[in-house]
Every structure is written in structure tokens, then in C-alpha cells.
Amino acid sequence: MTRHQIQYHPAMKQLSFLFLLVIVFSCGKQPGEAVVARVGDYALTAAEFRDRANYSPLPAGRNAQSYKNEVLQALIAEKMLGALKDDNHNEAIQLFSRRREKEAVIESFWRGEIESKIKADDNKLWQLYLKMNRQRDVEILSGANETEAQMLTRAWIENPQSIRHRLQRDTLQYSGELPALEDTLFSAARERIIGPLKAGRRYISFRVKNEWPLYIVSREDFQQKRKSLLKSWRRLQKEKRFARYLKERFPQKPYRLNKDVFRRMTTFLLEETLGGDDQRPRKKLTALMNGDRALLREEVIAFNEGEPWTVATLLRELLAAPYPLSYKSESAFKFSLIKTARRLLDDELIYREALARGYGNTPYVHWQKAMWQSAYRAQNNRRLLPRDARKRTVFLDSLQNRIPVTIYHNVLDTLRINPTRMMVLKKHFPGQTIVPPLFTVGKP
């Protein structure tokens, strides 16, 4: 199984939106794959067990063997509770399970079409090493939109004193996080005004005043940093290859947004989620999704191929998506809604392309769907656990009488794990963990 760059977060309950690369791709239930345990009809494979153990927080003071036993018991409890049916909450479970399945399809596509074509190149790594050794003293002029930025840039060129109070100065180092912007900035001649260029929500122009190295370059230092450089280079290559793929495959967006319906939907959501009582906006969004307003049935997005999205469909996608909506103010909500809708549409394009190329039937996709569905059902059925510790034990034991459990110790005992001791997040879908948090029965 090929592993990609990962970063870690020190707490399970306070996950920030880090940009981490997708890690697990060879965990499908392939014929002949080792099975650690069977819980009813669910086969807990060695691959799933390893990843659940590796990418969940390791409690302090636990050795590998005792931790493996804890993981096993947690997974058995999860699979048993997940096997219980609960028709009253199937819609929510299916909604989020489908989202995770979609993400798995996109991840499989990403690896097969983008990552697999990236090869290591020492000469290019050396060039990146030299780039990351540079830092520049830069004057920056920022505009709220492209028109304002162009006007300010002309003034900077023709009458520099008129905008002197608007200039900012900063020292920048090449990081590779914004390759298009940084490549322009670090290739620009000194004292030449460049821009405006789009940077997030603003447009910037800049002028390089000075440059100096961070360290003395050497082949020995390069070799010591090679592993880190390779991770950065692969990330840059993935972004560039993906941008090129989208440009070649979709020279024009293969969908059309009905702006009138979208505006009315935005107004409707603002009235329903930001006003009124103090009910949480997410719960309000869930209630709206299942309403019978005529607006919900209107088509808001039409695709060149495939079914269109109604307002209700878009609301379901918004609810299950990892992209957050901001409820701080009306303007913040509108901006986050537009940004999230664009990301969802980009996901949908890749998803439909991936399905057309057969990535929806990979073992990884089937495994991800089953794992997350089981985890969501277990969390939903957690309320069935008695509060009393002794009664909880009796309840779980009673489940084993209904749901047979078989443990294959020959597989478990020889299975090696390498815990990160942290929860690990994905890059492509911010805030999403690689695996579900380990199920615990200590508190119902």
C-alpha cells in the first residue's frame, strides 16, 4: 500500500481544517485477504484493522499488544451495534455514507489518474531545494477586486507617491503551498511591478526589493532534506497535473447554474438559518432539506450529462459535505455558500468522470462504504447502550448470542501496527478523518 504525506493533529475532539494528503488506498476486501475477525456478516480485514489502529489516537501508556486488544474490542462492539437495524435514521446514515463513498471514488480516481503518473526526479528535486532556499523582501499592493487592483497598479506605476500609504512590505519564503503565485513571485525581476494576481479573495500586485539565501546549499544538506523535498515536490506535481487534467478534460464547465433559483435559495436559507430562534443552523438545514416548499423542487444546476440538481439535492450535498458554511453574518454566509457550491460541483465533475472510468467498483470504494456505514450506524445505535456499566456488559454479551463473533488469533497476533498516536485528516476533503474515530463503550 502506497503511503502519502501525512500530518498529525494532537487532539481527537478538536480537529482543525488541515491540508493533508489522502493515505489509504489498498484496504479493500480482496479475495484471499487476511481476516482478523468476523462479526455477523461483516469481515474485519487485516487492512481495516491496521488502519483503524494506526490512524487513531493511541492512549498514553499503552503498549502495542494491549492497544491491539483494545482496538479489537472497540471494532467488535462497533460492528455489532452497526449490524442492528434502525429504520428511523436510515436517511441520515445513507446520506453521509453516500458522501463517504463519493469521496472514496474521487480518491481512487485521483490516485489512478494523477498520483500514479508522478515519478521522482533528482534534478527537479534539486531545483526545488534551490527555490526553497530563497526568501524575498517584497512590496505588496492589495485590492478588494480585480478592477480596484488594476486601478491601484496603474497608479503605482504612474504616480507611486499617490498609493504609498497602501503599500505593505513583507519577507516571503518559497513554500510550494501556492505554486502558481509563488512561481511568478520568485521568478520576477527586482524592482519590476507585477500583477494584479488573484490570491484568495483579493488581488495583489508586488515588487521585489531584495533577495537573500536561507542557508548554504550543499549536496549533503540536499540529501538530508531529500525526503521532505520529495513530499513537497509530489504535492506540487499533483496540483499542477490535476489543474492541467481539468483544463484539458473540461475546457468549459459542463454544468449551468440557474442564478435566479440560486439567489432565491440563498435568500430562503438566510431567512431560515440566520433568523428566528437559537436552534442550531445545521439542524435547521436538515429540517429544510425534508420540507415541501415548491422552491426545493426547482432545478438549480443542470449538467451536460446526467441528472440535474434540484434545490433539495443541493441542500443534501451541503449537509453532508466537509466544506463549512459560515453563519457569522449575511455576507460571510453568502460567500461561504458560493465557495462551497463550487467545491461540490468540482467534486461532482470528478466523481462522474471517475464513475465513467470504472473507479466506482474498486475494492477500496466498497470497503470505505461498508466501514463508514457500519460506524455511522454504531454511533446512531449508541443510545441503546445502558448507562450502567454492568448492564452495558450484559447488553454487549447478549449481542454476541445474536451476532456471532469469530476472532482469528493467528492473523491478529502476527499483524504489525505502527500507530501515529494522532487522528489523521485528508487533504482533498478538509476536516475529514482517514478512518472513523474508534468506537468506545465507556460512555453511552
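All values reported here derive from a predicted model rather than from experimental measurement.

S.K.: For this particular structure, what's the right way to read the overall build of the protein?
M.R.: Within the protein, the regular secondary structure consists of 14 helices and 12 strands. For the protein, restricting intrachain contacts to residue pairs at least 6 apart in sequence, the fraction spanning at least 24 positions comes to 75%. For the protein, the exposed area adds up to about 23,600 Å²; of that, 50% sits on carbon and sulfur atoms.

S.K.: Got a minute to help me understand the confidence of the model for the protein in this structure?
M.R.: Residues shown with low pLDDT carry predicted positions that ought not to be read at fine detail. Mean pLDDT over the protein: 83, with 90% of residues reaching 70 or higher. In the model of the protein, strand β1 (residues 8-9) stands out as the element of lowest mean pLDDT, 32, in contrast to strand β10 (residues 309-310), which has the highest, 96. Taken as a whole, residues 1-31 scores under 50 in pLDDT and shows 95 contacts with residues more than four places along the chain or in a different chain.

S.K.: So what exactly am I meant to see when it comes to the side chain of T362 here?
M.R.: Relative to the helices and strands, T362 resides in the loop between α11 (330-356) and α12 (363-380). Residue classification places T362 among the buried positions, given a relative accessible area of 18%. Among the polar contacts made by the side chain of T362, one reaches the main-chain carbonyl oxygen of Y359 at a distance of 3.5 Å.

S.K.: Just to check I follow, could you spell out the pairing of strand β7 (residues 202-213) for this structure?
M.R.: Strand residues, when the strand is regular, have side chains that alternate between the two faces of the sheet. Pairing analysis gives 10 bridges linking strand β4 (residues 134-143) to β7, with the strands arranged antiparallel. The residue bridging Q135 from the neighbouring strand is W212, located in β7. Examined bridge by bridge, strand β6 (residues 193-199) and β7 share five bridges and lie antiparallel to one another. Across the sheet, A199 pairs through a bridge with R202, a residue of β7. Between β6 and β7, which pair antiparallel in sequence order, lie two residues; one of them, G200, sits at a positive phi of approximately 70°.

S.K.: Please clarify how the pattern of salt bridges should be interpreted in this entry.
M.R.: Think of it this way: side chains of opposite charge can pair up when their charged atoms draw near. Scanning all chains against the criterion turns up 34 salt bridges. Ionic pairing is found between K79 and E48, a salt bridge with its closest N-O pair at 2.9 Å. Of this pair, K79 sits in helix α2 (residues 64-83) while E48 sits in helix α1 (residues 46-54), and the two are 31 residues apart along the sequence. With relative accessibility at 0%, the residue E48 sits in the buried group. The residue R169 makes a salt bridge to D137 at a minimum N-O spacing of 2.7 Å. Here R169 is found in strand β5 (residues 168-173), whereas its partner D137 is found in strand β4, with 32 residues between them in sequence. Relative accessible area serves as the criterion here: at 53%, R169 is assigned to the exposed category.

Calculation notes
Residues numbered from 1 in each chain as written. Predicted model: local features only at pLDDT ≥ 70, side-chain atom pairs only at ≥ 80, totals over all residues. Heavy atoms only, no water. Helix = DSSP H or I, 4+ residues; strand = E, 2+ residues; numbered from the N terminus. Contact = heavy atoms within 4.5 Å. Areas by Shrake-Rupley, 256 points an atom, 1.4 Å probe, with all protein chains shown as cover. pLDDT = per-residue confidence, 0-100. Buried < 20%, exposed > 50% of the residue type's maximum accessible area, 1.4 Å probe, protein only. Polar contact = N/O pair within 3.5 Å; in protein donor to acceptor, adjacent residues only side chain to side chain. Pairing = 2+ DSSP bridges. Salt bridge = Lys/Arg side-chain N within 4 Å of Asp/Glu carboxyl O.

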